[in-house]
Number of protein chains: 2
Amino acid sequence: MAASPQKVSESTVRRLSLYLRFLEEFEEKGVTTVSSEELAGRGGTTAAQVRKDLSIFGSFGKRGLGYAVPLLGREIRRILGLSRSWRVALVGAGRIGAALFEYPNFRTRGFRIVTVLDHDPKKVGRLWDGTRIRHVDTLEETLRETKVDIAILAVPEEVVQDVVDRVVSVEIKAILNFAPTQLRVPNDVVVNDVNMAMELEALSFALVNRALR
Amino acid sequence: MAASPQKVSESTVRRLSLYLRFLEEFEEKGVTTVSSEELAGRGGTTAAQVRKDLSIFGSFGKRGLGYAVPLLGREIRRILGLSRSWRVALVGAGRIGAALFEYPNFRTRGFRIVTVLDHDPKKVGRLWDGTRIRHVDTLEETLRETKVDIAILAVPEEVVQDVVDRVVSVEIKAILNFAPTQLRVPNDVVVNDVNMAMELEALSFALVNRALR
DNA sequence: ACATGTGAACTGCTTCACAGCG
DNA sequence: CGCTGTGAAGCAGTTCACATGT
């Protein structure tokens, strides 16, 4: 049943994203049915885990057969909220901002960058693929006018908390943060961090402790 | 004591990175001692968690007092393997690669990008801040010659598995992957993924399910 | 007196194993 | 018969609470 799920762990959500990607690959190859075994085999998880993850949201499979690829794809998209498109603001048009703007996987998943803001007067006014860069001083008005749902922050760590406070003040509830700083936000706002230095540090730890495994 | 730790969870390692960052902030402010309470307060964790995390590796605090900031910083750097410097190769000099190359937090933590590789003949031969871009065809020789420890992959998903296989073939044991693909590697190789589309999808899910919290 | 270090209790995620159903 | 869906068991990570040491 597609009933209201009780509690969904962060890891389950991440795996759903993964399954969706695999399903799309299967779909391209013209595969119409997959088993939990096959879905698990592709990535780092188990068949039981796949079934548990999906069962939180309903029963999408056919016993003795498996899951219908296009149907399961649709269901996961719906669960993740990807059947609609999301309006995204990019704050910070530096190198990271530029890379993100070009990143093809955002668009294909329904994330539309409708707003770009920057501090640098030399960049303000420029057109990026049809989107005019506006000054970060106009953040509040701009985000309101362009009806932004999600803010991506690619600004220096020194200013990121200021930017967050302003983003939160216009009722934005979801933030993707690229600055290596722990943000303070009200607890109805969701923040996801992409911390590249932290990822390298985890690799460093793994290398040093390679012996004990 | 700094004895051989049994089992260290991924989350503990991530939090150590975080603590280190906070310690550096405290150090800048001239604070000489912090309690687990203060370390936890800064970021999203608890005092008990801080003490548990640290106790895996030794006892670095003084009862009744707290932790000496510079000492604990040194210890965490040692634990994470950050007392030495790591030689890093950047494969892919596109937008994401360029952003990463400029990213200041890599250098300050001892990650030195000593090698840049790209596919595009127009980019090969260029100097990026003293590092000459070499053709990805020379990957094996170049990584060996430049004694690379860690490879950062910022290449299109269509080619990433090929690149991984070649990187693995020259005995590199740590990979930071920016392509939205589950990589196949031997199990003595550690891979960390930075999947920005997945992060946005998690935000999408959170927005859709905001009601039930 | 105060904050660490740590066993014990708890919570939640993962794996197991099998009943249920096409 | 085969593979899903799921309660129960197992395991890992977190929180609690207090003994320990300065």
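Worth saying up front: this structure is predicted, and the values here are computed from it rather than measured.

A.B. asks: Would you mind going over the packing of aromatic side chains in detail, with residue names and values included?
C.D. replies: Counted according to the given criterion, the structure contains six aromatic pairs over all chains. Centroid distance Tyr103 of chain B to Phe106 of chain B: 4.9 Å. Interplanar angle 70°. Geometry classified as edge-to-face. For the pair Tyr103 of chain B and Phe106 of chain B, one class covers both residues: buried. Arg107 of chain A extends its terminal NZ or CZ atom over the ring of Phe101 of chain A, reaching a point 5.5 Å from the ring centre. The ring centre of Trp86 of chain B lies 3.7 Å from the NZ or CZ of Arg84 of chain B, which sits over that ring.

A.B. asks: Describe the domain arrangement of chain A, naming the residues involved and giving the relevant values.
C.D. replies: Here chain A is partitioned into domain 1 (10-79) and domain 2 (86-198). Inter-centroid distance (C-alpha atoms) of domain 1 of chain A to domain 2 of chain A is 31 Å.

A.B. asks: Explain the protein's contact with DNA strand D residue by residue, including any values.
C.D. replies: With respect to spatial proximity, 24 residues lie near DNA strand D, and among them Ser36, Arg51, Ser59 and Tyr67 of chain A together with Arg63 of chain B are the closest. Sugar and phosphate atoms form 57% of the subset of DNA strand D atoms that lie within 4 Å of the protein. Measuring from a base oxygen of DNA strand D, one finds a side-chain N or O atom of Arg63 of chain A at 3.2 Å. Between DNA strand D and Tyr67 of chain A, the relevant distance is 2.7 Å, taken from a phosphate oxygen to a side-chain nitrogen or oxygen of the residue. Those elements giving two or more residues to the surface near DNA strand D turn out to be helix 3 (47-55), strand 2 (61-62) and strand 3 (66-68) of chain A together with helix 1 (10-28) and helix 3 (47-55) of chain B. Sorting elements by how many residues they give to the surface near DNA strand D places helix 3 of chain B first, with four residues.

A.B. asks: How would you summarise the protein's contact with DNA strand C if you had to cite specific residues and measurements?
C.D. replies: In the vicinity of DNA strand C there are 23 residues, among which Arg15 of chain A together with Ser36, Arg51, Ser59 and Tyr67 of chain B approach most closely. Measuring from a phosphate oxygen of DNA strand C, one finds a backbone N or O atom of Phe60 of chain B at 3.1 Å. At 2.8 Å from a phosphate oxygen of DNA strand C is found a side-chain nitrogen or oxygen belonging to Tyr67 of chain B. Counting residues per element, the ones that place at least two in the surface near DNA strand C are helix 1 (10-28) and helix 3 of chain A together with helix 3, strand 2 (61-62) and strand 3 (66-68) of chain B.

A.B. asks: Give me a negative patch on the surface: which residues, what numbers.
C.D. replies: Negative charge collects at one region of the surface, where Glu27 and Glu28 of chain A together with Glu157 and Glu158 of chain B lie side by side. At the level of secondary structure, the elements contributing two or more residues to the negative patch comprise helix 1 of chain A together with helix 8 (157-169) of chain B. Tracing the backbone shows Glu28 of chain A in helix 1.

A.B. asks: Go over the sheet that holds strand 6 (residues 127-128) of chain A with me, naming the residues and quoting the values.
C.D. replies: What the seven strands build is an open sheet, ordered 6-7-5-4-8-9-10 (chain A); its pairing is mixed. Two strands in the sheet have a free side with no partner beyond their single neighbour: strand 6 and strand 10 (190-193) of chain A. For strand 4 (residues 86-91) of chain A and strand 8 (residues 150-153) of chain A, the ladder comprises four bridges, and the chain directions are parallel. Its bridge partner lying in strand 8 of chain A, Leu90 of chain A is registered against Ile152 of chain A. Against the sheet, helix 8 (residues 157-169) of chain A engages strand 4, strand 8 and strand 9 (174-177) of chain A, with an angle of about 170° to strand 8 of chain A. Sheet strands touched by helix 9 (residues 196-208) of chain B: strand 4, strand 5 (111-118), strand 8, strand 9 and strand 10 of chain A. Its angle to strand 9 of chain A, the strand with the most contacts, is close to 160°.

A.B. asks: So, the relation of the copies chain A and chain B: which residues are in play, and what are the values?
C.D. replies: Each copy superposes on the other: chain A lies on chain B with an RMSD of 0.0 Å after a rotation of 180° and an axial shift of 0.0 Å. Here the two chains are linked by the operation of a two-fold rotation axis. Counting the interface residues of chain A, we find that 100% of their copies in chain B are interface residues as well, pointing to one common contact surface.

A.B. asks: Tell me what's going on with the sheet that holds strand 1 (residues 33-34) of chain A, and back it up with residues and numbers.
C.D. replies: Pairing between sheet strands relies on hydrogen bonds along the backbone, with the strands arranged either parallel or antiparallel. All names here are of chain A. Read from one edge to the other, the open sheet built from three strands follows the order 1-3-2, with strand pairing classed as antiparallel. Of all strands in the sheet, those bounded by a partner on one side alone are strand 1 and strand 2. Across two bridges, strand 2 lies against strand 3 in antiparallel orientation. Bridge pairing in strand 3 links Lys62 to Gly66.

A.B. asks: Can you explain the interface of chain A and chain B? Please cite residues and give values.
C.D. replies: Between chain A and chain B, the contact holds 66 residues from the first and 66 residues from the second. Contact with chain B buries area across many residues of chain A, yet Leu200, Glu201 and Phe205 of chain A alone supply 12% of it, more than any other trio. Our count for the contact surface shared by chain A and chain B stands at four salt bridges. Across the salt bridge formed by Arg14 of chain B and Glu199 of chain A, the nearest N and O atoms sit 2.7 Å from each other.

A.B. asks: How would you sum up empty space enclosed by the protein? Please name residues and give values.
C.D. replies: This structure, assessed with the given rule, holds one cavity of 30 Å³ or more. Within this model, the largest cavity holds a volume of roughly 90 Å³. Lining the largest cavity we find Ile96, Ala99, Leu100, Phe178 and Met196 of chain A together with Ile96, Ala99, Leu100, Phe178 and Met196 of chain B. For the lining of the largest cavity, the secondary-structure elements that each account for two or more residues are helix 5 (95-102) of chain A together with helix 5 (95-102) of chain B. Partitioned by chemical class, the residues of the lining of the largest cavity number ten nonpolar, no polar and no charged.

Criteria and thresholds
Chains are numbered independently. Their residues run from 1 in the order of the written sequence. Whichever chain is written first becomes A and whichever ligand is written first becomes 1, with later ones labelled in order. Owing to the predicted nature of the model, reporting of local features is limited to residues with pLDDT of at least 70; listing and counting of side-chain atom pairs is limited to 80 or more, with chain, interface and lining totals taken over all residues. Note: side-chain values were computed over all heavy atoms of the structure, leaving out hydrogens and water. Geometry of aromatic contacts follows a simple scheme: Phe, Tyr and Trp rings, the Trp one being its six-membered ring, pair when their centres are within 6.5 Å, and the pair is stacked under 30 degrees between planes, edge-to-face over 60, tilted otherwise. Here's how the labels work: a residue is buried when its accessible area is under 20% of the maximum for its type, exposed when over 50%, partly exposed in between, all with a 1.4 Å probe on protein chains only. We call a charge positioned over a ring when the NZ of a Lys or the CZ of an Arg lies within 6 Å of the ring centre and within 35 degrees of the ring normal. Domain segmentation is taken from an automatic or database assignment of domains. Being near a molecule or strand, for a residue, means having at least one of its heavy atoms within 4 Å of it. Definition of a polar contact: a pair of N or O atoms within 3.5 Å, with one able to donate and the other able to accept a hydrogen when the atoms are protein atoms, and with sequence-neighbouring residues admitted only if both atoms are side-chain atoms. A run of H or I in DSSP becomes a helix once it reaches four residues, and a run of E becomes a strand once it reaches two; helices and strands are each numbered from the N terminus. Like charges are joined within 9 Å and nonpolar side chains (Val, Leu, Ile, Met, Phe, Trp, Tyr) within 5 Å, but only among residues with over 30% relative accessible area and no salt bridge; these make up the patches. Reported accessibility uses the Shrake-Rupley method at a 1.4 Å probe radius. Residues are deemed covered only where the shown protein chains occlude them. Each salt bridge in this description consists of a side-chain nitrogen of Lys or Arg and a carboxyl oxygen of Asp or Glu lying within 4 Å of one another. A residue counts as positive if it is Lys or Arg and as negative if it is Asp or Glu; His and the chain ends are not included. Charge placement uses NZ in Lys and CZ in Arg. For Asp and Glu, CG and CD serve respectively. Should DSSP find at least two bridges between two strands, the strands are regarded as paired. In what follows, a contact means two residues having at least one pair of non-hydrogen atoms within 4.5 Å. For helices, the fitted axis covers only the stretch in contact; all axes are lines through C-alpha atoms, and the angles between them, taken along N-to-C directions, range from 0 to 180 degrees. Least-squares superposition of the copies uses the C-alpha atoms of those residues scoring a pLDDT of at least 70 in each of them. Here the buried area means the combined drop in accessible surface, using a 1.4 Å probe, for two parts upon being joined, counting both sides. Two kinds of site are reported from a 1 Å grid over the protein atoms alone, namely cavities, where a 1.4 Å probe fits but cannot get out, and pockets, open sets with protein on both sides within 12 Å along at least five of seven lines, and residues are called lining when an atom falls within 4 Å of a point. Grid points are joined across faces, edges and corners, and a volume is the space filled by probe spheres set on the points. Ten residue types, Ala, Val, Leu, Ile, Met, Phe, Trp, Tyr, Cys and Pro, are classed as nonpolar, four, Asp, Glu, Lys and Arg, as charged, and the remainder, Gly among them, as polar.

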